[in-house]
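Structural overview for review
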Amino acid sequence: MKRRITIGNKEYEMQKMSIDTYMEYLELTEVIDTHTRYTKQDIEAMVLFVVKAYGNQFTEEELKDPETGLDAAGIILEFQFIDMGVGDELTKRLEKIEKNFQNGK
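Quick look at the structure, then. (Residues numbered from 1 in each chain as written. Predicted model: local features only at pLDDT ≥ 70, side-chain atom pairs only at ≥ 80, totals over all residues. Heavy atoms only, no water.)

**Regarding the pairing of strand β2 (residues 10-13)**
Applied cut-off: DSSP calls a pair of strands paired once it identifies at least 2 bridges connecting them. Helix and strand definitions here come from DSSP, where helices need a minimum of 4 consecutive H or I residues and strands a minimum of 2 consecutive E residues; each element is numbered from the N-terminal end.
Alignment of strand β1 (residues 4-7) against β2, held across four bridges, turns out to be antiparallel. In the sheet register, R4 faces β2, and the bridge partner there is E13.

Right under this line is the structure:
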């Protein structure tokens, strides 16, 4: 998963996510998904997780900076893109397996 984010006019790349980190993400989404509307705690947790997902290459404060960080919609989208990135990676790997299988016939 090669997600990129720009914070403070600098681009950061998300490194390979560990299984433990992804399981933490899943637990967090289970809690957040029970709410009909995002709470303050949900947004704070999203901010913390996005920072963690990018390997602490930037701080919470940098991510939330009103001038150079993300706005509320950007933080929510970036959090949701984590799952989409895993899904995209699964699709790529399945396509590669299928291609190798077809070439092996």
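**Description of unusual backbone geometry**
The phi angle at N9 is positive, at roughly 65 degrees, despite the residue not being glycine. Relative to the assigned elements, N9 resides in the loop between β1 and β2. At N56, a residue that is not glycine, the phi angle is positive and equals roughly 55 degrees. Turning to its location among the elements, N56 is positioned in the loop between α2 (40-53) and α3 (60-64).

**Let's talk about the nonpolar core**
Test applied: To form a nonpolar core, buried Ala, Val, Leu, Ile, Met, Phe, Trp, Tyr and Cys residues must be joined to one another through side-chain atoms within 4.5 Å. With a 1.4 Å probe rolled over the protein chains alone, any residue whose accessible area is under 20% of its type maximum counts as buried; one over 50% counts as exposed, and the rest are partly exposed. We call two residues contacting when some pair of their heavy atoms lies within 4.5 Å.
With 21 residues, the main nonpolar core has I5, F49, F58, L63 and F79 as its most contacted residues. At the level of elements, β1, α1 (19-32), α2 and α4 (72-103) are the ones that each hand at least two residues to this core. At six residues, the largest contribution of residues to this core is made by α2. In contact with F58, not counting residues within four places along its chain, are I5, I7, Y12, V50, V51 and L63.

**Some points on the packing of aromatic side chains**
Rule in force here: Aromatic rings from Phe, Tyr and Trp, with only the six-membered ring used for Trp, were paired whenever their centres fell within 6.5 Å, and each pair was classed as stacked if the ring planes differed by under 30 degrees, edge-to-face if by over 60, and tilted otherwise.
Under the definition given, this model contains six aromatic pairs. Note on Y22 and Y25: the rings are 5.8 Å apart at their centroids and 20 degrees apart in plane angle, and the pair reads as stacked. Of the two residues, Y22 and Y25 both sit in helix α1, three residues apart, roughly one turn of that helix. Each ring, one from F49 and one from F79, has its centre 6.2 Å from the other, and the planes form 85 degrees; the classification is edge-to-face. Within this pair, whereas F49 is found in helix α2, its partner F79 is found in helix α4, the two being separated by 30 residues in sequence. A network of ring pairs unites the aromatic residues Y22, Y25, F49 and F79 as a single cluster.

**Overview of the side chain of T29**
Here T29 lies in helix α1. Relative accessible area serves as the criterion here: at 14%, T29 is assigned to the buried category.

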